[in-house]
Amino acid sequence: MDIVWWILIVACFILGYVGLIFPIVPSVLVLWVGFLIYQFGVSGGSLSWVFWTIAAILTIVLFVADLLASRYFVKKYGGSKWGEWAGIIGVIVGAFIIPPFGVILVPFALVLIVELIVFRNMNNALKIAFASFLAFLSGTLAKAFIQTVLIVWFLLDVFVF
């Protein structure tokens, strides 16, 4: 039965990375499902309190980094609150339209349109739309890095500590 649990754990970890491309999949939460499967499913599976503490801290950092990246880049280039919301909605909608490229193209287009309506200046709107792209890219890279750290920490806790 442990083999089945491990297959599910690996599937959760893979699905976590899929969530980087398709934001509809809650990446870090899927990782947590994998951790919980190990904790409660695998015979003799027990993760240390240090693992759970670090995993919780890294999860919080992941959410905060994603939010801060978006706000930082859009605000740095003078974007509006409407532009921020357009970017968020664009990522969600874009996951269903021409995946995985829709996650990049749809938010860019929506932010461009919204900021063009708000500011009526194409150069400004283009800068802000590009900033939303940078925010998505930096947030995704941060998520990938933190998810990798979580998985490596999990494996160390399981097999080394």
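The shown structure was predicted, so the numbers you read here are calculated from the model rather than taken from an experiment.

Taken over all residues, the pLDDT of the protein has a mean of 88, while the share at 70 or more is 99%. When mean pLDDT is taken per element in the protein, helix α2 (residues 27-41) scores highest with 95 and helix α4 (residues 81-94) scores lowest with 83.

What follows deals with helix α1 (residues 2-21). Because an α-helix packs 3.6 residues into every turn, residues spaced three or four apart end up facing the same way. With 20 residues, α1 extends 30 Å from end C-alpha to end C-alpha; this agrees with the ideal 28 Å at 1.5 Å per step. Of all the residues in α1, the buried ones are I9, C12, F13, G16, G19 and L20. All buried residues of α1 project into a common sector of 115° when viewed along the axis, lining one side. Turned more than 90 degrees away from the buried face of α1 sit I3, I7 and I14, all of them exposed. Check the buried side of α1 and you find it contacts α2 and α6 (122-159).

A word on a nonpolar patch on the surface. A surface patch of nonpolar side chains, amounting to about 1,200 Å² of accessible area, comprises I24, W85, I88, I89, I92, V93, F96, I97, I98, F101, I104 and L105. Tracing the sequence through the fold places I89 in helix α4. Residue I89 is classed as partly exposed on the basis of its relative accessible area, which comes to 45%.

Turning our eyes to something else, we now look at the packing of α1 against α6. Between α1 and α6, the shortest axis-to-axis distance is 9 Å and the interhelical angle comes to 165°. Considering the angle they form, α1 stands roughly antiparallel to α6. Classified by chirality, the crossing of α6 by α1 is left-handed. Across the interface between the two elements, W6, I9, F13, G16, Y17 and L20 from α1 touch F136, T140, K143, A144, Q147, T148, I151, F154, V158 and F159 from α6.

Mapped onto the secondary structure, D157 falls in helix α6. One buried charged residue, D157, remains without a salt bridge, the closest side chain of opposite sign being K143 at 25 Å. Looking at D157, its side chain comes within polar contact range of the side chain of S48, at 2.9 Å. Setting aside residues no more than four positions away along its own chain, D157 makes contact with S46, L47, S48 and F51.

Right, let's get into unusual backbone geometry. Phi is positive for R120, close to 55°, though the residue is something other than glycine. In this structure R120 comes out as exposed when scored by relative accessible area, which is 72%.

Nonpolar side chains in soluble globular proteins tend to end up buried together. F35, L47, L150 and F154 are the most contacted members of the largest nonpolar core, which has 22 residues in total. Counting residues per element, the ones that place at least two in this core are α1, α2, α3 (49-76) and α6. In terms of residues, this core owes the most to one element, α2, which gives six residues. Beyond its immediate chain neighbours, meaning those up to four positions away, L47 contacts F35, Y38, Q39, W52, F154, D157 and V158. Residues V74, A86, A125 and A129 belong to the second largest nonpolar core, which totals seven residues.

We now examine α4. Taking 1.5 Å per residue as the helical rise, α4 with its 14 residues ought to reach 20 Å, and the 19 Å between its terminal C-alpha atoms agrees with that figure. Taken residue by residue, α4 has G83, E84, A86, G87, G90, V91 and G94 as its buried positions. Buried residues along α4 cover an arc of 160° about the axis, so they all sit on one side. Along α4, the residues that are exposed and aim more than 90 degrees away from the buried face are W82 and W85.

Calculation notes
Residues numbered from 1 in each chain as written. Predicted model: local features only at pLDDT ≥ 70, side-chain atom pairs only at ≥ 80, totals over all residues. Heavy atoms only, no water. pLDDT = per-residue confidence, 0-100. Helix = DSSP H or I, 4+ residues; strand = E, 2+ residues; numbered from the N terminus. Expected span 1.5 Å × (residues − 1). Buried < 20%, exposed > 50% of the residue type's maximum accessible area, 1.4 Å probe, protein only. Arc of directions from axis to C-beta. Contact = heavy atoms within 4.5 Å. Patch = residues over 30% accessible without salt bridge, like charges linked within 9 Å, V, L, I, M, F, W, Y side chains within 5 Å. Areas by Shrake-Rupley, 256 points an atom, 1.4 Å probe, with all protein chains shown as cover. Salt bridge = Lys/Arg side-chain N within 4 Å of Asp/Glu carboxyl O. Axes fitted to C-alpha atoms, helices over the stretch in contact; angles between N-to-C directions. Parallel < 35°, antiparallel > 145°, perpendicular 65-115°, else oblique. Left-handed = near helix turned anticlockwise from the far one by under 90°. Lys, Arg positive; Asp, Glu negative; His and termini not counted. Polar contact = N/O pair within 3.5 Å; in protein donor to acceptor, adjacent residues only side chain to side chain. Core = buried A, V, L, I, M, F, W, Y, C linked by side-chain atoms within 4.5 Å.

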